[in-house]
Amino acid sequence: MSDTAQDGPMLAADGTTLKQSLARSLRREKMRALLLIAPLLIFIFLSFVVPIVSMLFRSIENSILQDTLPETVVALENWDDQSGELPDEEVYAAFVRDMLVAVDAKTHTRLGTRLNYEETGMSSMFRRSGRQISRLDPVEDAPFKDKLIDIHDGWGDVNTWAVIKTHAVPYTNGYFLNAVDMQRTPEGAQAQPESKQILVKLFGRTLYMSLVITGFCILLGYPIAFLLANLPMRSANLLMILVLLPFWTSLLVRTSAWKVMLQQQGVINDTLVWLGLVDDAARLIIINNQIGTIVAMTHILLPFMILPMYSVMQTIPPTYVRAAKSLGATNWTAFWRVYFPQSIPGIGAGSILVFILAIGYYITPEIVGGTQGVFISNRIAYHISSSLNWGLAAALGTILLGAVLILYWAYDRIVGIDNVKLGG
Amino acid sequence: MTDTAVDEAFVQFDRVQKSYDGEILVVKDLNLSMPKGEFLTMLGPSGSGKTTCLMMLAGFETATHGEILLDGQPINNIPPHKRGIGMVFQNYALFPHMTVAENLAFPLEVRKMGKSERDQKVKRALDMVQMGDFGGRRPAQLSGGQQQRIALARALVFEPELVLMDEPLGALDKQLREHMQFEITRLAHDLGITTVYVTHDQTEALTMSDRVAVFEDGRIQQLAPPDELYEEPANSFVAQFIGENNTLLGEIVEVGTDSCVVKLDSGELIDALPVNVSNVGDRTKVSIRPERVEFNKDRLNPNAHTIKAEVKEFIYMGDIFRFRLSVAGNDDFIVKTRNAPDAVKLTPGETIEIGWLPQDCRALDA
Ligand SMILES: Nc1ncnc2c1ncn2[C@@H]1O[C@H](COP(=O)(O)OP(=O)(O)O)[C@@H](O)[C@H]1O
Ligand SMILES: [Mg+2]
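Residues numbered from 1 in each chain as written. Chains lettered and ligands numbered in written order. Predicted model: local features only at pLDDT ≥ 70, side-chain atom pairs only at ≥ 80, totals over all residues. Heavy atoms only, no water.

Some thoughts on the site of ligand 1
Residue and element names in this part refer to chain B. Put simply, the test is: Proximity criterion: a residue is near a molecule or strand once any of its heavy atoms comes within 4 Å of it. Each polar contact in these results corresponds to two N or O atoms within 3.5 Å; when the atoms are within protein, one needs to be able to donate a hydrogen and the other to accept it, and residues that are neighboring in sequence are counted only if both atoms are side-chain atoms. Accessibility throughout is a Shrake-Rupley quantity obtained with a 1.4 Å probe, and a residue counts as covered only by protein chains that appear here. Labels follow the DSSP assignment, with helices taken as runs of H or I lasting at least four residues and strands as runs of E lasting at least two, numbered in each case from the N terminus. Ten residues, namely Ala, Val, Leu, Ile, Met, Phe, Trp, Tyr, Cys and Pro, are considered nonpolar, four, namely Asp, Glu, Lys and Arg, are considered charged, and the remaining ones, Gly among them, are considered polar.
Looking at ligand 1, the residues that line it are Tyr 20, Val 26, Pro 45, Ser 46, Gly 47, Ser 48, Gly 49, Lys 50, Thr 51 and Thr 52. At 3.1 Å, a backbone N or O of Gly 49 approaches an oxygen atom of ligand 1. Within the side chain of Lys 50, an N or O atom sits 2.9 Å from an oxygen atom of ligand 1. Relative to its unbound accessible area of 550 Å², ligand 1 is 55% covered by the protein chains. No other element matches the three residues that helix α2 (residues 50-58) contributes to the shell around ligand 1. Classifying every residue of the shell around ligand 1 by side-chain character gives three nonpolar, six polar and one charged.

What follows is the structure, encoded as structure tokens:
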């Protein structure tokens, strides 16, 4: 009797195994916890996970060609785009049939816009041809090859058909290639013409300027955080209010204020001229360029550096520095060898925060950055709202997200994420 | 050589006052002089200004008034790192990002000592506190007692002549604390260091020190060797604070040089030793140590003053018996006896006669 009880699994009072009844009671607790956070989870799912996944999807999704020109795409399969000859009549006939449907549904202009990203001129070609193709009869007006070339000589260009064939895939790497200044061509991935290469440079500039901004934030924020953590309570509270003050002002207002400060007829230039440090004719250009972006963004992101630093420094007891001094260290040695190493987790946390915020910043570079000081995010915004090339915008966004994740990973490997503290 | 006491003083506080806020004096008129090699303890309740005194000596606070002399030199204007004073902090303050050996090497490094000499001294200091194998560990990997030893070794490794310790054993459990008390006194005496030790634990103060300064409210109430402090408390605060003490309230009716008569509030007259009472009519607190009260009739000294007492409670403590009595209106009058075969056991409710010698009965300020 007792043997079996000891050999087998432990039993609870009602005869089920102890494990099972423990799992059952825990499950109930977990369910309750889950219910409590359900509103937040749903909110995060709808406002964060869904948009990100849909963005990732948009960066490769490309079904528009097959949806709009189904027969043409099939017919083009038998055509060799390297032959240098135009496709057969079969392709032209299929194209006319597809276009008649598309013009009815008014989807041909959207296709034109899509193809225009790859080859300029496509958009107007589709718009203009659409009207005239709609007057053709799919049976009686055959053959179509010459008629189409009459309508728009673009249809007599091998390249037009090559572009259609190249991009007639449901999922494409074309947007990502565009995002790194390359393009999808019949001959495979190739570099964009020199004049269109701006995105890689922009990525580089975004990273570089974010690093510079993070660096300035460390330099400016560290002494303030140090003061906050070491001043007597009352002065520290006052200083804290000053640090938090920017949060109570709209971002737009703060950025515009910098415009007033930095422009050539602005406060800083006026003061410098008045002091005679700068000649009236040679006022400094410190806005609508990289300097403007760096100055304004450093100011705006500074609290995000100060707060984590402060909360870490607050946990460093003053006895450490006292101990160091009693052991014979000068003020500087005590700070550098004892205080500073213990404040590094705060620098780490602040830097990650500021860097990640900076890398995706949009409003400030847009207002004070000019052409030289804009970030990749401004380009993304342009593609979302002006050029309407959402696929490219999504690809750029995905790369940005990837870059942040990779940097985070590298940081974890080098510094260790355990070394990042937001206090406590 | 007119004033040898001052000439020999290694550490001297001269009319030192300290205020943090300009309103309250935290340290009031402190005068203290310590010869070289002395182990002096500052004992007092929390908030009495002990740490403040230590911090002024170490240089982390400046005296508002008065002068502190180290080896005859005023140190008010010497920055902390040049004072060469070793210090052990209450929470040890071991640098968490350095190993034990690096912690110990730190004071030597900042003194620009060569690596081989440094290693040698670190090793010697670690051996001194029996922690020779722990050099590579981080402070967080050590137990409280081990951290305490390292903190001690670090304060001693650069061979300071003066070491300050601020409640260094406060965080340890009782047994470890007793062991460390012994270790610290042994080291201090072996190395001939002058030590200022701060504690609020009177047992610690009595067992470790050459002299104890009892602090209260920013003043030294009494500065004396442990035995004198315990047996001849100078005022009622010290009598209450050090050891167990029975107090009877009364009024002086007669006073001479080495005896006085006190009329207790219950009406009885008793003889006592006048300590800091001088005028007839003064209120007084008469203090008698429990172990000086005899209640075994056979052992009562013929000169003893006797008085009636009612037994209230018997407390068994293993090695000793404690009895709570009601004497002359005081219901908390404690007496003790050793748990010996012939020990008298009193039963609550019983009325007995107790007695003490007049010189053990000290009339102090009320
Ligand atoms: N840095 C400080 N600022 C203001 N008041 C202080 C400071 N340090 C101590 N005090 C006050 O001084 C008094 C004595 O404190 P302290 O010297 O720490 O006493 P102890 O060490 O005997 O407990 C206390 O009332 C305490 O509140
Ligand atoms: Mg203290």
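So that's the structure; there's more coming.
Considerations on the packing of helix α15 (residues 290-313) of chain A against helix α17 (residues 331-359) of chain A
Any two packed helices are characterised by the angle at which their axes cross and by the distance between the axes. Residue and element names in this part refer to chain A. The condition that has to hold: Orientation is described by lines fitted to C-alpha atoms, with helices fitted over the stretch in contact, and by angles between N-to-C directions that extend from 0 to 180 degrees. By convention, the crossing between two helices is left-handed when the near helix turns anticlockwise from the far helix through less than a right angle, and right-handed when the turn is clockwise.
One way to put it is that α15 packs onto α17 with a least axis distance of 8 Å and a crossing angle of 145 degrees. Our pair here, α15 against α17, has a crossing hand that is right-handed. Taken together, the residues of the contact of α15 with α17 sort by class into 16 nonpolar, five polar and no charged.

Brief notes about the interface of chain B and chain A
To keep things clear, this is the line we draw: By definition in these notes, contact holds between two residues if any of their heavy atoms fall within 4.5 Å. Summed over both partners, the accessible area lost on bringing two parts together, with a 1.4 Å probe, is the buried area. Within this document, salt bridges are pairs made up of a side-chain nitrogen of Lys or Arg and a carboxyl oxygen of Asp or Glu, the two lying within 4 Å of each other.
Residue-level contacts link 22 residues of chain B with 16 residues of chain A. The largest per-residue losses of area from chain B upon contact with chain A belong to Phe 60, His 81 and Phe 106 of chain B, which jointly make up 31% of the total buried on that side. The interface formed by chain B and chain A contains two salt bridges. A salt bridge links Glu 109 of chain B to Arg 337 of chain A; the nearest nitrogen and oxygen atoms lie 2.9 Å apart. Here chain B is connected to chain A by three residue pairs in polar contact (both at pLDDT 80 or more).

Some details on the pattern of salt bridges
Operational definition: Exposed residues in this analysis have more than 50% of their type's maximum accessible area, buried residues have under 20%, and partly exposed residues fall in between, with area computed by a 1.4 Å probe over protein chains only.
One pass over the structure, following the stated rule, counts 26 salt bridges over all chains. Close ionic contact of Arg 322 of chain A with Glu 61 of chain B constitutes a salt bridge, the shortest N to O distance being 3.5 Å. Within this pair, whereas Arg 322 of chain A is found in helix α16 (residues 319-326), its partner Glu 61 of chain B is found in the loop between α2 and β4 (65-70), the two belonging to separate chains. Overall, the relative accessible area of 24% leaves Arg 322 of chain A in the partly exposed class. Across the salt bridge formed by Arg 186 of chain B and Asp 190 of chain B, the nearest N and O atoms sit 3.6 Å from each other. Within this pair, Arg 186 of chain B and its partner Asp 190 of chain B are both found in helix α6 (residues 174-191), separated by four residues, close to a single helical turn. Residue classification places Arg 186 of chain B among the partly exposed residues on the basis of a relative accessible area of 29%. Through salt bridges that share partners, Asp 270, Asp 280 and Arg 283 of chain A make up one connected network.

Things to note about the domain arrangement of chain B
Residues and elements named next belong to chain B. Threshold: Segment limits for the domains were obtained from an automatic or database-derived domain assignment.
Looking at the assigned domains, one finds that chain B contains domain 1 (3-236) and domain 2 (244-365). For domain 1 and domain 2, the distance between their C-alpha centroids amounts to 38 Å. At the interface, eight residues of domain 1 touch nine residues of domain 2. For the pair domain 1 and domain 2, the summed buried area comes to about 740 Å², and 41% of that belongs to carbon and sulfur atoms. Broken down residue by residue, the surface that domain 1 buries against domain 2 is led by Tyr 230, Pro 233 and Ser 236, which jointly contribute 64%. At the junction of domain 1 with domain 2, the criterion picks out zero salt bridges.

Section: the side chain of His 305 of chain B
Mapped onto the elements of the fold, His 305 of chain B is located in strand β15 (residues 305-316). The contact partners of His 305 of chain B, leaving out residues within four places of it in the chain, are Leu 269, Ile 270, Asp 271, Ile 354, Gly 355 and Trp 356 of chain B.

Overview of the pairing of strand β6 (residues 85-88) of chain B
Residue and element names in this part refer to chain B. How we decide: Criterion used throughout: strands pair if DSSP finds at least two bridges between them.
By the alternation rule, side chains of β6 split into Ile 85 and Met 87 and Gly 86 and Val 88, which are all buried. One ladder, built from four bridges, connects β6 with strand β7 (residues 162-166); its direction is parallel. The residue of β7 that forms the bridge with Gly 86 is Val 163.

Concerning the packing of helix α11 (residues 199-230) of chain A against α17 of chain A
Residues and elements named next belong to chain A. Keep this limit in mind: Orientation is classified from the angle alone, with under 35 degrees giving roughly parallel, over 145 giving roughly antiparallel, 65 to 115 giving roughly perpendicular, and any other angle giving oblique.
α17 packs onto α11 with a crossing angle of 135 degrees between their chain directions and a minimal axis gap of 8 Å. The pairing of α11 with α17 is recorded here as oblique in orientation. Pair α11 / α17 crosses with right-handed handedness. Note on element contacts: α17 touches α11 through Phe 335, Tyr 339, Phe 340, Ser 343, Ile 347, Ser 351, Val 354, Phe 355, Ala 358 and Ile 359, opposite Thr 206, Leu 207, Ser 210, Leu 211, Ile 213, Thr 214, Cys 217, Ile 218, Tyr 222, Phe 226, Ala 229 and Asn 230. Here the contact of α11 with α17 is composed, by residue class, of 16 nonpolar, six polar and no charged.

Some words on the packing of aromatic side chains
Here is the rule: Here is the rule: rings of Phe, Tyr and Trp (six-membered ring for Trp) pair when centre to centre is within 6.5 Å. Planes less than 30 degrees apart are stacked, more than 60 are edge-to-face, and the remainder are tilted. Only when the NZ of Lys or the CZ of Arg is both within 6 Å of the ring centre and within 35 degrees of the ring normal is a charge said to sit over the ring.
Per the stated rule, a full pass over the model turns up 26 aromatic pairs over all chains. Their ring planes at 65 degrees and their centres at 6.2 Å tell us that Phe 57 of chain A and Tyr 171 of chain A sit as a pair that is edge-to-face. Taken together, the residues Phe 57 of chain A in helix α2 (residues 18-58) and Tyr 171 of chain A in the loop between α9 (158-166) and α10 (174-179) connect sequence positions 114 residues apart. Tyr 171 of chain A sits in the exposed class, given a relative accessible area of 52%. Ring centres of Phe 247 of chain A and Phe 304 of chain A lie 5.3 Å apart, and the angle between their planes is 80 degrees; this geometry places the pair in the edge-to-face category. Of this pair, Phe 247 of chain A sits in the loop between α12 (233-244) and α13 (251-262) while Phe 304 of chain A is found in helix α15, placing the two residues 57 residues apart along the sequence. We classify Phe 247 of chain A as partly exposed; its relative accessible area is 37%. The partly exposed category is assigned to Phe 304 of chain A, whose relative accessible area is 25%. A connected cluster of aromatic rings, assembled from ring pairs, spans Tyr 222, Phe 226, Trp 332, Phe 335, Trp 336, Tyr 339 and Phe 340 of chain A. The ring of Tyr 20 of chain B has Lys 18 of chain B sitting right over it, with the charged end atom 5.0 Å from the ring centre. When the ring centre of Phe 95 of chain B is taken as origin, the NZ or CZ atom of Arg 154 of chain B, which lies over that ring, is 4.6 Å away.

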